[in-house]
Amino acid sequence: MQVDSVLPPLARNRHASHLLRCLRGVSGDFVEADSSRMTLAFYCLSGLDALDLVRKMPQISDEERNQWISWIWQQEISGEFGTGFRPGPSMEVTNSESHKSATTYDQPHLIMTYTAILSLSILEDGLSRLDRPGIVTFLRSTQLPDGSFTPTPGWGESDVRLVYCAFVLCFLLDDWSHIDVEKAVDFVRRCRTYEGGFGQTPGQEAQGGTTYCSIAALNLVANIFGETMAPDEREETVRWLIQRQTGGFQGRTEKEQDACYSFWCGAALQILGAGDLVDADANAEFLNRCQFKFGGIAKIPEERPDPFHTYLSLASLSIYPPSKDIKSEEPASWVIGRLHTTINAQAKTAQWAIDSMRQRT
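Residues numbered from 1 in each chain as written. Predicted model: local features only at pLDDT ≥ 70, side-chain atom pairs only at ≥ 80, totals over all residues. Heavy atoms only, no water.

Caption draft 1: Local environment of the overall build of the protein chain. Counting its regular elements, the protein chain contains 13 helices and four strands. Here the protein chain, with 361 residues, has 58% of them falling under the buried criterion. Sequence-distant contacts, at least 24 apart, represent 69% of the contacts inside the protein chain between residues at least 6 apart. For the protein chain, the accessible area works out to roughly 15700 Å², and carbon and sulfur atoms hold 49% of it. Seen as two clouds, the 33 positive and the 46 negative side-chain charges of the protein chain have centres 3 Å apart. (Helix = DSSP H or I, 4+ residues; strand = E, 2+ residues; numbered from the N terminus. Buried < 20%, exposed > 50% of the residue type's maximum accessible area, 1.4 Å probe, protein only. Contact = heavy atoms within 4.5 Å. Areas by Shrake-Rupley, 256 points an atom, 1.4 Å probe, with all protein chains shown as cover. Lys, Arg positive; Asp, Glu negative; His and termini not counted. Charge placed at Lys NZ, Arg CZ, Asp CG, Glu CD.)

Caption draft 2: Main features of the pattern of salt bridges. For the structure shown, the criterion picks out 15 salt bridges. In this structure, E124 engages R55 in a salt bridge whose closest nitrogen and oxygen atoms are separated by 3.2 Å. Of the two residues, E124 sits in the loop between helix 4 (110-122) and helix 5 (132-142) while R55 sits in the loop between helix 2 (37-50) and helix 3 (62-74), which places them 69 residues apart along the sequence. We classify R55 as partly exposed; its relative accessible area is 44%. Members of the salt-bridge network, linked through shared partners, are E157, D159 and R161. (Salt bridge = Lys/Arg side-chain N within 4 Å of Asp/Glu carboxyl O.)

Caption draft 3: Fine view of helix 13 (residues 347-357). Within helix 13, burial applies to A347, T349, A350, A353, I354, S356 and M357. Check the buried side of helix 13 and you find it contacts helix 2, helix 4, helix 5, helix 6 (160-173), strand 3 (339-340) and strand 4 (345-346).

Caption draft 4: Here's a closer look at the packing of aromatic side chains. For the coordinates displayed, the defined rule picks out 14 aromatic pairs. Here the aromatic rings of F167 and W176 are separated by 5.3 Å at their centres, their planes lie at 75 degrees, and the arrangement is edge-to-face. In terms of burial, F167 and W176 fall into one category: buried. Here the aromatic cluster, defined as three or more aromatic residues joined through ring pairs, consists of F42, Y43, Y114, Y164, Y212, F263, W264, F308 and Y311. For the cation-ring pair, R244 lies above W240, with the distance from its terminal atom to the ring centre recorded as 4.9 Å. Taking the ring centre of F171 as reference, the NZ or CZ of R358 above it sits at 5.1 Å. (Phe/Tyr/Trp six-rings, centres within 6.5 Å; stacked < 30°, edge-to-face > 60°. Lys NZ or Arg CZ within 6 Å of the ring centre and 35° of its normal.)

Caption draft 5: Representation of the pairing of strand 1 (residues 76-79) within the structure. Pairing geometry for strand 1 and strand 2 (residues 82-85), over four bridges, is antiparallel. The residue bridging G79 from the neighbouring strand is G82, located in strand 2. Here strand 1 folds back onto strand 2, and the loop between the two strands holds two residues. (Pairing = 2+ DSSP bridges.)

Caption draft 6: Seen up close, the layout of surface pockets. What the largest pocket holds in volume is close to 1500 Å³. What lines the largest pocket is a set of 47 residues, and nearest its centre among them are S36, T39, Y43, D306 and F308. By residue class, the composition of the lining of the largest pocket is 22 nonpolar, 15 polar and 10 charged. (1 Å grid on protein atoms, 1.4 Å probe; cavity = no way out; pocket = protein on both sides within 12 Å on 5 of 7 lines; lining within 4 Å. Points joined across faces, edges and corners; volume = space filled by probe spheres on them. Nonpolar A, V, L, I, M, F, W, Y, C, P; charged D, E, K, R; others polar.)

Caption draft 7: Inspection of helix 11 (residues 280-289) at higher detail. The element helix 11 is largely enclosed, with a buried count of eight among its 10 residues. Turning to helix 11, its buried residues number three or more, namely A280, D281, A282, N283, A284, F286, L287 and N288. Next to the buried residues of helix 11 lie helix 10 (259-271) and helix 12 (307-319). Near the N-terminus of helix 11, the side chain that reaches the backbone nitrogen of D281, with its oxygen 3.3 Å away, is that of D279. (Polar contact = N/O pair within 3.5 Å; in protein donor to acceptor, adjacent residues only side chain to side chain.)

Caption draft 8: Broad picture of the nonpolar core. Residues F167 and Y212 are the most contacted members of the largest nonpolar core, which totals 114 residues. In terms of residue count, helix 6 provides more of this core than any other element does, 13 residues in total. Ignoring anything within four residues of it in the chain, the contact list for Y212 reads Y164, F263, W264, A267, A268, I271, T341, T342, I343 and N344. (Core = buried A, V, L, I, M, F, W, Y, C linked by side-chain atoms within 4.5 Å.)

Caption draft 9: Structural detail: unusual backbone geometry. At D174, a position not held by glycine, the phi torsion is positive, near 55 degrees. In this structure D174 comes out as partly exposed when scored by relative accessible area, which is 47%.

Caption draft 10: Just the side chain of E233, in detail. With respect to the helices and strands, E233 occurs in helix 9 (residues 231-242). Relative accessible area serves as the criterion here: at 16%, E233 is assigned to the buried category. The contact partners of E233, leaving out residues within four places of it in the chain, are R189, R192 and T228.

Caption draft 11: Main features of the packing of helix 3 against helix 4. Between helix 3 and helix 4, whose axes approach to 10 Å, the crossing angle comes to 155 degrees. Regarding the angle of helix 3 to helix 4, the classification is roughly antiparallel. Note on packing geometry: the crossing formed by helix 3 with helix 4 is left-handed. Contact with helix 3, carried on its side by I69, I72 and W73, involves A116, S119 and L120 of helix 4 and no other residues of that element. Split into classes, the residues belonging to the contact of helix 3 with helix 4 amount to five nonpolar, one polar and no charged. (Axes fitted to C-alpha atoms, helices over the stretch in contact; angles between N-to-C directions. Parallel < 35°, antiparallel > 145°, perpendicular 65-115°, else oblique. Left-handed = near helix turned anticlockwise from the far one by under 90°.)

Caption draft 12: Broad picture of the environment of S5. Its location among the elements puts S5 in the segment before helix 1 (12-24). Taking the relative accessible area as the measure of exposure, S5 reaches 41% and is therefore partly exposed. Contact partners of S5, with chain neighbours within four places excluded, come to E285 and K327.

Structure below.
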């Protein structure tokens, strides 16, 4: 693909302002995200982290950072099934002093635990309060007999997104002893489709996001337990992923391109060692058109932005900055910090999480 137009600057300050506004409070349009507020905070913080502004943005005081840390720890919850983090205060059944005690309808959530720990790492909390044995118990309690994981102990959907979150937590803890890795890998492999991508569960259509989760999960265990993809399988997956690029990336066959898939598909290709096949300039040109004039990046041009697409677009640019061949008004603005592609965090944040999670008290 050839990009002939001049690429304007990446509006870093406006995107940072958008993320900070959303971190401090969002409009009623986001009410459906209330049940995943921890993840919303993660995307806001991760976007600021990608821009290297969590500690450099003058609008953010030390007091406010400490308030964010305190809010995240308030969502930690423990019970007979272990310890993790709930989505947010609205999920509490009671506001009593026992708000950290799990009940039948107020349980830790696997995805929120993953995003909470990475968010605390972005904020450089030492995780000294983390109940590591409780996290291990929680992971064990969410695995089903078929190898998949549920978001809360014994309840909810089970798919490759949850396997990925569980594997990241095991990797950060450096403890795989309490889950059945072999069954989990088998579940992921059964989500593979004839096209080479991966669906959310066995038999479902391949999607970019679930393909990333599958490839990243398999990569995490391959580094410890050995390779889990045959060479011909890798080649088929690379082919399916690279066929998703139409400028930006589409998430499924015959769908429109969407900014978030610039990360999901692009990161999967990078993990598979095929990042050189991505047309970084065409991807940057598409993401440029998704920039909203008042800050933030939308899923497609002319749409309203949100923290999810803003962060994942920045994460994509971290992996695939525009080349030196493309005409750009301000090339340096498009350079984002190095990403730990498998964990989905800035490299320095991922290292902070690894060092903090593996401390033995």
